[in-house]
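# Secondary and tertiary structure notes
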Amino acid sequence: MMRDKLNQFFHLSERGTNIRTEILAGTTTFLTCVYIVAVNPGILSAAGMDTKAVFWATAVASAIACIWIGIWANLPFALAPAMGLNAYFTYYVCNTLGLPWQNALACVAISGITFMLLSIFKVQQKIVDAMPDCIKHSVGSGIGFFIAFTGLMQAGIVTSSPDTLLTLGDLANPGALLALFGIFLTAILVIKKVRGAILIGILAVTALGILVKDPVTGIAYTVIPDHIISFDNPVTAMAPTFGKLTLKGLFSGTPEMVLGVIFAIVSFLFVDLFDSIGVLLGVSSKAGLMDEKGNIPCAGKALFVSAGGAAVGALLGTNTVTIYGAESATGINEGGRTGLTACVTGVLFLFTLFLSPLFLMIPSIATAPALVMVGIFMIEPLRKLPLDDVSIALPVFLTVALMPFTYNIAYGILFGLIGYTIGQVAVGKAKEMTKTVWVLTVIFIVYLILEIIL
């Protein structure tokens, strides 16, 4: 029987679960992370990418990665294009650094392949182990502020000012008011632990957007599509982005641009690396998947899937695919303990392809609350740090503050690590620092010197 085969393959009984529980857990996980299918196309389209193609790439890449980790590693984790890195991809790598999106996808692919090689030789664990805890916890929080800032700007709640650089946006604008409503509605739902809170917030603002017009264009914020169900030809739908990544011209710009490209690749790699391992350590503990020695079964396979997901996503036409922590935790809280949970999530991602018109009609003001809410989720690790110690507070502040202030995740990591080294030297703990930290600090300082000179 199919029930017995699933039980045997996923070791359901051994982990104290059953098919019904795993399906419920997978569905719950899907409902909490499906917002990425709505948010990602809007963000990457600002880099000049085709919205529908990105939608397809997002859904297909997520499905492949979820099913892959479920079958191969038997772990209940969801994977999808990373929030934060999609904004970094668009607004820094493409719009600031000036790379065509085809080259930016190549950067993502290179970082993914490098991560895969590190996973094969188990180097990634040594790198992460060598990094100070304050940097590990700060990177995710800094990205959270980066994401939230992007959402507030996108909604018009925060806007640029010639006098103060930034200021409060025009709250008389109905779009800003709708986004603000969405933020508070989503927060209330999250506080009340409503499943799919982020998705509900997105859908609520989208529905209200049908009734409200943009004062500039005179068009409703939400334009109702001609049809809801779609049976697009996969080849045609994905053609604008599938296989379009290219190395041509990637390292042919000015020395400053070449350095920027290298650092962008390193940033994609480091964020994916730290995020994936952080999720494995945190979520696996909650799921009771650690053994007596604190080891996680199939952790190496999980990291390889995360790395491979990034490479596959770049080939399909989306940004770095990584393990989703908070979203995976929701399914685990519902009892998900095996890869069957992840497989259910992956299959549901595929079903979104038949509803592409519904997802593609979602306006940017509706996705802004999701960005802000995810940013709020990501600042939680800061509470674990001894911020009364200035030698720790310095690198934490530099990491967290410089990501949104410079609109660059890489600069946050760079200055954070330099700040950590300075702090440790100041308190006389230089000898306790690892060789890896010293090497990275020197590399980052050289990078800054070259950027100043060039």
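Figured I'd write up the structure that's included with this text. (Residues numbered from 1 in each chain as written. Predicted model: local features only at pLDDT ≥ 70, side-chain atom pairs only at ≥ 80, totals over all residues. Heavy atoms only, no water.)

Attention now goes to the nonpolar core. Within soluble globular proteins, side chains that are nonpolar tend to cluster in buried spots. Tyr35, Met83, Phe89 and Phe349 are the most contacted members of the largest nonpolar core, which has 129 residues in total. When residues in this core are grouped by element, the largest group, 14 residues, is from helix α12 (residues 255-287). If near-sequence neighbours (up to four positions away) are discounted, phenylalanine 89 is found in contact with Leu44, Ala47, Met49, Cys94, Trp101, Ala104, Leu105, Val108, Phe268 and Asn319. Core analysis: the next-biggest nonpolar cluster, separate from the first, contains six residues, Phe10, Leu340, Cys343 and Val344 among them. (Core = buried A, V, L, I, M, F, W, Y, C linked by side-chain atoms within 4.5 Å. Buried < 20%, exposed > 50% of the residue type's maximum accessible area, 1.4 Å probe, protein only. Helix = DSSP H or I, 4+ residues; strand = E, 2+ residues; numbered from the N terminus. Contact = heavy atoms within 4.5 Å.)

This next bit is on a nonpolar patch on the surface. Together, Ile228, Ile229, Phe231, Val347, Phe351 and Phe354 make up a nonpolar patch on the protein surface, roughly 600 Å² of accessible area in all. By the element assignment, phenylalanine 351 lies in helix α15 (residues 339-351). (Patch = residues over 30% accessible without salt bridge, like charges linked within 9 Å, V, L, I, M, F, W, Y side chains within 5 Å. Areas by Shrake-Rupley, 256 points an atom, 1.4 Å probe, with all protein chains shown as cover. Salt bridge = Lys/Arg side-chain N within 4 Å of Asp/Glu carboxyl O.)

For histidine 11, which is not a glycine, the phi torsion comes out positive at approximately 60 degrees. Along the chain, histidine 11 turns up in the loop between α1 (2-10) and α2 (19-33). Phi at leucine 165 takes a positive value of approximately 70 degrees, unusual for a residue other than glycine. We classify leucine 165 as exposed; its relative accessible area is 68%.

If you trace the backbone, proline 240 turns up in the loop between α11 (234-238) and α12. Excluding anything up to four places from it in sequence, proline 240 contacts Asp50, Ala53 and Trp101.

Most of helix α5 (residues 85-94) is tucked away, with nine of its ten residues classed as buried. Every buried residue belonging to α5 is among Leu85, Asn86, Ala87, Tyr88, Phe89, Thr90, Tyr92, Val93 and Cys94, and all of these are buried.

Here we come to the pairing of strand β2 (residues 158-161). Two strands pair when backbone bridges link them, and β2 and strand β3 (residues 165-168) are joined in this way by four bridges, in the antiparallel orientation. In the sheet register, serine 161 faces β3, and the bridge partner there is leucine 165. Hairpin connection, β2 to β3: the antiparallel pair is bridged by three residues. (Pairing = 2+ DSSP bridges.)

Turning our attention to the packing of helix α3 (residues 35-45) against helix α17 (residues 364-378). Between α3 and α17, the least distance of the axes is 10 Å, while the angle of their chain directions is 110 degrees. As summarised for this structure, α3 and α17 are arranged roughly perpendicular, according to the angle between their axes. Contacts between α3 and α17 involve Tyr35, Ala38, Val39 and Ile43 from the former and Thr367, Ala370, Leu371 and Val374 from the latter. For the contact of α3 with α17, the residue count by class is seven nonpolar, one polar and no charged. (Axes fitted to C-alpha atoms, helices over the stretch in contact; angles between N-to-C directions. Parallel < 35°, antiparallel > 145°, perpendicular 65-115°, else oblique. Nonpolar A, V, L, I, M, F, W, Y, C, P; charged D, E, K, R; others polar.)

Summed over all chains, the structure comprises nine aromatic pairs. Aromatic pair tryptophan 68 and phenylalanine 304: ring centres 6.3 Å apart, planes at 85 degrees, arrangement edge-to-face. Here phenylalanine 304 lies in helix α13 (residues 299-316) and tryptophan 68 lies in helix α4 (residues 51-73), a separation of 236 residues in the sequence. Plain terms: the ring middles of tryptophan 72 and phenylalanine 304 are 5.8 Å apart, the flat faces sit at 65 degrees to each other, and that makes the pair edge-to-face. (Phe/Tyr/Trp six-rings, centres within 6.5 Å; stacked < 30°, edge-to-face > 60°.)

Moving on, we come to helix α6 (residues 101-120). Compared with an ideal rise of 1.5 Å per residue, which puts 20 residues at 28 Å, α6 spans 29 Å between its outermost C-alpha atoms and is within 8% of the ideal. Taking burial as the measure, the 20 residues of α6 include 14 buried ones, the bulk of the element. One or two positions beyond α6, positive phi appears at lysine 122, with a value near 55 degrees. (Expected span 1.5 Å × (residues − 1).)

If you trace the backbone, asparagine 103 turns up in helix α6. If we ignore the near neighbours within four places in the chain, the residues touching asparagine 103 are Thr246, Leu247, Lys248, Gly249 and Leu250.

The next point concerns the environment of leucine 358. Among the structural elements, leucine 358 can be located in helix α16 (residues 356-360). On the basis of relative accessibility, which here comes to 30%, the residue leucine 358 falls in the partly exposed class. In the structure, leucine 358 is positioned 301 residues away from alanine 57 in sequence and 16 Å away in space, judged by C-alpha atoms.

For asparagine 86, the position within the fold is in helix α5. Judged by relative accessible area, asparagine 86 falls into the buried class, the value being 1%. Each C-alpha atom, one on asparagine 86 and one on asparagine 319, is 5.8 Å from the other, the two residues being 233 residues apart in sequence. Apart from residues no more than four positions distant in its own chain, asparagine 86 is found in contact with Ile36, Asn40, Ile43, Leu44 and Asn319. A distance of 3.0 Å separates a polar atom in the side chain of asparagine 86 from a polar atom in the side chain of asparagine 40. (Polar contact = N/O pair within 3.5 Å; in protein donor to acceptor, adjacent residues only side chain to side chain.)

By themselves, these observations are geometric and do not establish any function.
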